[in-house]
Amino acid sequence: MTIITAIDQSLFCLYFSGIKITTPKQMRETKKDFVEKIACNESELDDDEMREIDFGDDKKVLLIKQNGKFSAIGSKCSHYGAPLIDGALGEGRIRCPWHGACFNTVTGDIEDFPGLDSIPCYQVNVDQGIVKIRAKKSDLENNKRVKAMAVKDSRNGEIFVIVGGGPAAQTCAETLRQNGFQGRILMICKEPSLPYDRVKVSKDLSVKLEAIQLRNQEFYDENQIEVSLNVEAISLDTNLKEISLSCGNKLKYDKLFLATGSRPKKSEIMGSDLKNIFTLRSIEDGHAINNQLKKSSHVVILGSSFISMETAAYCADKVAKVTVIGRGSVPFGDLFGEAIGERIMEL
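Colleague: Report on the pattern of salt bridges, specifying residues and quantitative values.
Modeller: If you walk through the whole model with that rule in mind, you get 17 salt bridges. Its salt-bridge partner being D117, residue K144 comes within 3.9 Å of it at the nearest N-O pair. On the criterion of sequence distance, the pair formed by K144 in the loop between α2 (137-142) and β13 (159-163) and D117 in the loop between β10 (110-112) and β11 (121-127) is long-range, its members being 27 residues apart. The class for D117 is buried, based on a relative accessible area of 11%. Salt-bridge contacts for E174 lead to R215; the nearest nitrogen and oxygen are separated by 2.7 Å. You can see E174 sitting in helix α3 (residues 167-178) and its partner R215 sitting in the loop between α4 (209-212) and α5 (217-222), a full 41 residues away along the chain. Of the residues examined, R215 reaches a relative accessible area of 9% and is grouped as buried. Salt bridges sharing partners connect three or more residues here, namely D117, K144, E174 and R215.

Colleague: Account for helix α7 (residues 306-315), with residues named and values stated.
Modeller: Along α7, the residues that are buried comprise S308, M309, T311, A312, Y314 and C315. Packed against the buried residues of α7 are α6 (283-292), β20 (298-302), β21 (321-325) and α9 (338-346).

Colleague: How would you summarise the pairing of strand β12 (residues 130-136) if you had to cite specific residues and measurements?
Modeller: Pairing geometry for strand β3 (residues 34-41) and β12, over seven bridges, is antiparallel. By the bridge assignment, N41 is partnered in β12 with I130.

Colleague: Describe the confidence of the model for the protein, naming the residues involved and giving the relevant values.
Modeller: For the protein, per-residue confidence averages 89 on the pLDDT scale, and residues scoring 70 or more make up 92% of the total. Note on residues 1-27: pLDDT is under 50 here. Beyond four places in sequence and across chains, it has 33 contacts.

Colleague: Hey, could you go over the sheet that holds strand β18 (residues 250-252) for me, with residue numbers and the actual values?
Modeller: If you walk across this open sheet you meet the three strands as β16-β17-β18, and the pairing is antiparallel. Of all the strands in the sheet, the pair left with one neighbour each is β16 (233-237) and β18. Each strand of the sheet is rotated relative to its neighbour by a mean of 25°, with strand direction disregarded. By the bridge criterion, four bridges tie β16 to strand β17 (residues 242-245) in an arrangement that is antiparallel. Within β17, the residue paired with L236 across the bridge is I243.

Colleague: Let's hear about the packing of aromatic side chains: which residues, and what values?
Modeller: Tallying each qualifying case throughout the model produces five aromatic pairs. Where F160 meets F181, the ring centres are 6.1 Å apart and the plane angle is 75°; that geometry is what we call edge-to-face. Of this pair, F160 sits in strand β13 while F181 sits in the loop between α3 and β14 (184-188), and the two are 21 residues apart along the sequence. A relative accessible area of 12% means that F160 is categorised as buried. Ring centres 5.6 Å apart and planes at 35° place the aromatic pair F332 and F336 in the tilted group. Counting every residue linked through ring pairs, the aromatic cluster contains F306, F332 and F336. The ring of Y80 carries K200 above its face, with NZ or CZ at 4.9 Å from the centroid.

Colleague: Residue-level account of α3, with values.
Modeller: Relative to the 16 Å expected for twelve residues at 1.5 Å per residue, α3 spans 16 Å between its end C-alpha atoms, a close match to the ideal helical length. The complete set of buried residues in α3 reads A169, Q170, C172, A173, E174, L176 and R177. As for α3, its buried residues are in contact with β13, β14, α5, β15 (225-228) and β19 (255-258). Of the residues flanking the end of α3, it is G180, one or two places downstream, whose phi is positive at about 95°.

Colleague: Can you tell me about a nonpolar patch on the surface, naming the residues and giving the values?
Modeller: A contiguous nonpolar patch, built from F306, I307, L335, F336 and I340 and spanning about 490 Å² of accessible area, is present on the exposed surface. Elements with a contribution of two residues or more to the nonpolar patch: α7 and α8 (333-336). Assignment of secondary structure puts I307 in helix α7. A relative accessible area of 49% places I307 in the partly exposed class.

Colleague: Outline the side chain of S193, supporting the account with residue identities and numerical values.
Modeller: Structurally, the position occupied by S193 is in the loop between β14 and α4. Residue contacts for S193: discarding those within four places in its chain leaves L209, L229 and E284.

Colleague: Any details on the environment of F181? Residues and values, ideally.
Modeller: Among the residues examined, F181 registers a relative accessible area of 11% and is labelled buried. Considering only alpha carbons, one finds F181 and E158, 23 residues apart in sequence, at a separation of 9.2 Å. With residues near it in sequence (within four places) discarded, F181 still touches A150, E158, F160 and L176.

Analysis parameters
Residues numbered from 1 in each chain as written. Predicted model: local features only at pLDDT ≥ 70, side-chain atom pairs only at ≥ 80, totals over all residues. Heavy atoms only, no water. Salt bridge = Lys/Arg side-chain N within 4 Å of Asp/Glu carboxyl O. Helix = DSSP H or I, 4+ residues; strand = E, 2+ residues; numbered from the N terminus. Buried < 20%, exposed > 50% of the residue type's maximum accessible area, 1.4 Å probe, protein only. Contact = heavy atoms within 4.5 Å. Pairing = 2+ DSSP bridges. pLDDT = per-residue confidence, 0-100. Axes fitted to C-alpha atoms, helices over the stretch in contact; angles between N-to-C directions. Phe/Tyr/Trp six-rings, centres within 6.5 Å; stacked < 30°, edge-to-face > 60°. Lys NZ or Arg CZ within 6 Å of the ring centre and 35° of its normal. Expected span 1.5 Å × (residues − 1). Patch = residues over 30% accessible without salt bridge, like charges linked within 9 Å, V, L, I, M, F, W, Y side chains within 5 Å. Areas by Shrake-Rupley, 256 points an atom, 1.4 Å probe, with all protein chains shown as cover.

Below you can see the structure in the form of structure tokens.
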């Protein structure tokens, strides 16, 4: 039996089924966890317009009006905290101005990588032309949330294998659980580390692994996602639905997702195999390069796009000289054109 009762404009459900019971005391405590604020007059916002609403202590909510309806979500991208007020608003979606992560404007759910976490959504009430926002204090503090995950069922014998240990593999594993998959999930990772945000490596060659890991070990344990590190998939038999691993084992699967990523293009010029010549791909590569940097060092970087220029920027104040060698007349010329490339070269 379910009883739904309205208290202070909030709905509380009492479940008398042995699953969950919410007591009046818990209801009073829950009320204290929320804060309400008048945002604006209904007529102040036009359709497809956004406004940041300040809740104090640098905590903000993004108010959006589309098709005559108001919605309110977290004000910062869950990836690296970019202000979404500067993002691109589409029909029911907003895209981060920095790296392009996309969020649903009604639910706050993340709909496009980079990033894994969704952002909060808040209750909006319009009463006599006054727009009010009701927000949970913890949501304002955290500004991110993880979607609910299905629980693994020991009776479900289906095996889903993910080959790869990067963001695509991680997103696949989480999406399976978020969409109700209760079978076994196994991630086969060639690298020695849990999946991390690889694009951060070129921005900071000394970055700590813990700072860029997408999830910690507790997350995988809690959601029963099995991760095998330092293991490479070396062959695949789609008829037998079997993968051969570098450790000598063979692994059966029902469904398979290949997310092995790519290999960096290495220089084939004479001497490219000599000491102190690096290819930047992994966090280990970044640390190896960083260990060689000295005030007297002269760093030469082949390439003039994102990874190269980010690495150059990192090295600039740590060594005697940085030289970037590119095929074009300016960096980023093919991507952004000559004018922007010239300005970046001046910088």
